[in-house]
Amino acid sequence: MSQAVDLAVHHDLANAEPRFVAPALVESGAAGAPRLIGGRCAKCGALSFPRAAVCTECMSEEIEKTELAGTGRVYSYSMVHQAPKGWSVPYALGYVDLTDKVRVLAHIDVPESALAIDMPVRLSVGRVGTGPAGEPLMSYTFVQA
Amino acid sequence: MRDVFVIGTGLIPFGKYPDKTLAEIGWPAVKEAIVESGVPPKSIEAVYCGTALGGMLAGQRVMKSLGITGMSIINIENACSSSSSALAEAWTSVASGRHDVVVVIGVEKLTKFGGGTLPLEREDWEVNQGMVMPALYAMRARRYMHDYGLTARQLGEVSVKAHEHGALNPNAQIRKRVTIDEVMASRPVADPFTLWHCCPTGDGAAALVIASADVARKQKAQPVRVAASEVTSGIYTNGYRDMTWAELTARGAKHAYEMAGVGPKDIDVAEIHDAFTIAELMYYEAFGFCERGGAYGLLSSGATSLGGDIVVNPSGGLLSRGHPVGATGAAQAVEIVRQLEGRAGKHQVEGAKVGLAHATGGGIAGLDHGACSIHVFAR
């Protein structure tokens, strides 16, 4: 029995497909370029990220899927050295102010020496950690523009 | 609304008690507060117990250890403001005339998680992207440093001051002075924070007995009055936000000052929520102790150290006394009451007449913080 379990674990490791931590937040667009997916209220136009079920401005439940701006500036950041199991420490975490006025928390895939407040960045995808079965954990990230 | 007074305080030394249950951590603080108050246990009409991660029925578990049961027991979770929110609810129950004698408990056991950063709610999308509490405060620090020209070393001086105070407090979790060089050389947690920029995790409990004027004047010659009791929540946005300004605390402070009829210049002593070094500086500004951008100047002037005009965190604060999340608000209130009664011992603020306690927190996407509770006490 225990041997069967061990084999199953090894099987998972051998076939560990990358997995997105929040698959609804990012899609693959033209030529494979990532698109950041949020919501736009059909009644009042307010943007949300992640896409809201109900508008925080007017309580409408008609929220359309929309592509958010793929560029912005780093409002602030921190190089994180202590985090729960699974994250690839150290990692740079930052708030990115998108050009459409939405603020998004993201991994910033920029060397520590190049990180700076207000630096222009653009959307990307990258590996951010490792899942319980050894699978690479992926997410939207931002890189130097 | 009626006047409300504190007639009993209890506090256990904060630290690590992995072999004790939550109830075992909690009951000694409650017993101390009840004995100090002098009221018979039968007169307790309600209990408000704050705990963030203590699980169901924490208040019942603590109170049954003392055999004091049967009254209304309400458990309150509001992250770092859990027991300060419990105090606010208790205040309302006495001020409104519903009850005359009420117990407030703050109790937490973080050692059950085995260390590391505080476990946050994985349903929160930012937590799901790697947010941890040190990183949230670190981003505030990084932006503040950029906007106001503060250095990481200057920021580290907050920790030096906290541990100077905590070294004098027998109930502090960390009773050790640190030098600025030790602060800067400790291991990195979330840049610009090293370990000494961050509050420790641990266990703790604190309790208060609060009462109406009729009861309080029978028990004490000059009981400390709760001059303001206030709870607010963060304002949601998914747009841009100025992270160098503690909007939630500033809003709460304004309400609390109005309710108490005092201003920042009247405050002799304050226990404020210094979970990380930058927090203390930002809250100096939010409470109006100095202008925006002036916090480091206030710190380096010595005004907020023991012997200064507005002593902040004489207990050592969260950085040194410790921060067992749900216990913090009650512990701050106990500290301020004892300061105003002149029995704080080696970290006494001489002649303190007006003090405030401030517990805020809760990492939650889209809000400055989840909750903020402020109390003003006066003698």
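### A few points about the domain arrangement of chain B
All names here are of chain B.
At step 1: When the domains of chain B are assigned, the result is domain 1 (4-114 + 203-219) and domain 2 (127-200 + 224-378).
At step 2: The straight-line distance from the C-alpha centre of domain 1 to that of domain 2 is 23 Å.
At step 3: Taken together, the 37 residues of domain 1 in the interface contact 35 residues of domain 2.
At step 4: Residue assignment for the side of domain 1 that touches domain 2 shows that the elements contributing at least two residues are strand 1 (4-11), helix 3 (82-95), strand 4 (101-109) and strand 7 (203-212).
At step 5: Residues belonging to the side of domain 1 that touches domain 2 are distributed by class as follows: 22 nonpolar, 13 polar and two charged.

### Some thoughts on the packing of helix 3 of chain B against helix 12 (residues 328-340) of chain B
Residues and elements named next belong to chain B.
At step 1: The interhelical angle for the contact between helix 3 and helix 12, taken along N-to-C directions, is 65°, at an axis separation of 5 Å. Contacts from Ser82, Ser83, Ser84 and Leu87 of helix 3 reach helix 12 at Thr328, Gly329, Ala330 and Ala333.
At step 2: Looking at the contact of helix 3 with helix 12 residue by residue, the class counts come to three nonpolar, five polar and no charged.

### Brief notes about the nonpolar core
Residues and elements named next belong to chain B.
At step 1: Counting 152 residues, the largest nonpolar core has Val104, Ile105, Ala207, Leu208, Ile210 and Ala330 as the members making the most contacts within it.
At step 2: Of the residues that make up this core, three or more belong to each of domain 1 (4-114 + 203-219) and domain 2 (127-200 + 224-378).
At step 3: Among all residues touching Ala330, those that are not within four sequence positions of it are Gly50, Ser83, Leu87, Val104, Ile105, Gly106, Ala206, Ala207 and Leu208.

### Side note on helix 8 (residues 247-260) of chain B
All names here are of chain B.
At step 1: If you check helix 8, its first and last C-alpha atoms are 20 Å apart, about what 14 residues at 1.5 Å a residue would give, namely 20 Å.
At step 2: All of the buried residues in helix 8 are Leu248, Thr249, Gly252, Ala253, Ala256, Tyr257 and Ala260. All buried residues of helix 8 lie within an arc of 155° about the axis, which places them on one face of the element.
At step 3: Taken together, the buried residues of helix 8 touch strand 8 (224-233), helix 9 (277-286), strand 11 (354-361) and strand 12 (371-378).
At step 4: Gly261, located one to two residues past helix 8, shows a positive phi value of around 70°.

### Quick notes on the interface of chain B and chain A
At step 1: At the interface, 26 residues of chain B touch 30 residues of chain A.
At step 2: Secondary-structure elements contributing two or more residues to the side of chain B that touches chain A are helix 4 (133-148) and strand 5 (188-190) of chain B.
At step 3: No other element matches the seven residues that helix 4 of chain B contributes to the side of chain B that touches chain A.
At step 4: Residues of the side of chain B that touches chain A, tallied by class, amount to 13 nonpolar, eight polar and five charged.

### Thoughts on the confidence of the model for chain A
At step 1: Summarising the model, chain A shows a mean pLDDT of 90, and 90% of its residues fall at 70 or more.
At step 2: Confidence drops under pLDDT 50 across residues 1-11 of chain A; counting only partners more than four residues distant or on other chains, this segment forms zero contacts.

### Things to note about the pairing of strand 7 (residues 91-98) of chain A
Residue and element names in this part refer to chain A.
At step 1: The buried fraction of strand 7 is high, at seven of eight residues.
At step 2: Inspection of the sheet shows strand 6 (residues 71-80) paired to strand 7 by eight bridges, in the antiparallel sense. Residue Tyr77 lies in a different strand from strand 7, and its bridge partner there is Gly94.
At step 3: Here strand 7 runs beside strand 8 (residues 103-108); their pairing, made up of five bridges, is antiparallel. Residue pairing in the sheet places Gly94 in a bridge with Ala106 of strand 8.
At step 4: Between strand 7 and strand 8, which pair antiparallel in sequence order, lie four residues; one of them, Lys101, sits at a positive phi of approximately 75°.

### Some points on the pairing of strand 12 of chain B
All names here are of chain B.
At step 1: For strand 12, the buried fraction is high: seven of the eight residues fall into the buried class.
At step 2: Pairing geometry for strand 8 and strand 12, over eight bridges, is antiparallel. Considered in strand 12, the bridge of Thr232 is made with Cys372.
At step 3: Both strand 11 and strand 12 contribute to a ladder of eight bridges, which runs antiparallel. When the bridges of strand 12 are listed, Gly355 appears paired with Phe377.

### Looking at the sheet that holds strand 10 (residues 311-312) of chain B
Residue and element names in this part refer to chain B.
At step 1: Strand order in the open sheet made by the 10 strands is 3-2-4-7-1-8-12-11-9-10, with mixed pairing throughout. At either margin of the open sheet sits one strand with a lone partner, and together these are strand 3 (72-76) and strand 10.
At step 2: The sheet strands contacting helix 3 are strand 1, strand 2 (46-50), strand 3, strand 4, strand 7, strand 8, strand 11 and strand 12, and the helix crosses strand 4 at an angle near 170°.
At step 3: Contacting strand 1, strand 2, strand 4, strand 7, strand 8, strand 9 (269-271), strand 11 and strand 12, helix 12 runs over the sheet at an angle of about 170° to strand 11.

### Describing unusual backbone geometry
At step 1: The linkage connecting Val89(A) with the following residue, Pro90(A), adopts the cis geometry, with an omega of -10°.
At step 2: Mapped onto the secondary structure, Pro90(A) falls in the loop between strand 6 and strand 7.
At step 3: Pro192(B) follows Asp191(B) through a cis peptide bond whose omega is 10°.
At step 4: Within the element layout of this structure, Pro192(B) appears in the loop between strand 5 and strand 6 (193-194).
At step 5: With a phi close to 55°, Leu57(B) is a non-glycine residue in the positive phi region.
At step 6: Summarising the element assignment, Leu57(B) is placed in the loop between strand 2 and helix 2 (58-65).
At step 7: Leu57(B) gets classed as partly exposed once you count the C-beta atoms within 10 Å, which come to 14.
At step 8: Unusually for a residue other than glycine, Asn313(B) sits at a positive phi of about 55°.
At step 9: With respect to the helices and strands, Asn313(B) occurs in the loop between strand 10 and helix 11 (317-320).
At step 10: When the 29 C-beta atoms within 10 Å are taken as the criterion, Asn313(B) is described as buried.

Definitions and limits used
Residues numbered from 1 in each chain as written. Chains lettered and ligands numbered in written order. Predicted model: local features only at pLDDT ≥ 70, side-chain atom pairs only at ≥ 80, totals over all residues. Domains from an automatic or database assignment. Contact = placed C-beta atoms within 7 Å. Helix = DSSP H or I, 4+ residues; strand = E, 2+ residues; numbered from the N terminus. Nonpolar A, V, L, I, M, F, W, Y, C, P; charged D, E, K, R; others polar. Axes fitted to C-alpha atoms, helices over the stretch in contact; angles between N-to-C directions. Core = buried A, V, L, I, M, F, W, Y, C linked by C-beta atoms within 7 Å. Buried ≥ 20, exposed ≤ 12 C-beta atoms within 10 Å, placed from the backbone. Expected span 1.5 Å × (residues − 1). Arc of directions from axis to C-beta. pLDDT = per-residue confidence, 0-100. Pairing = 2+ DSSP bridges.

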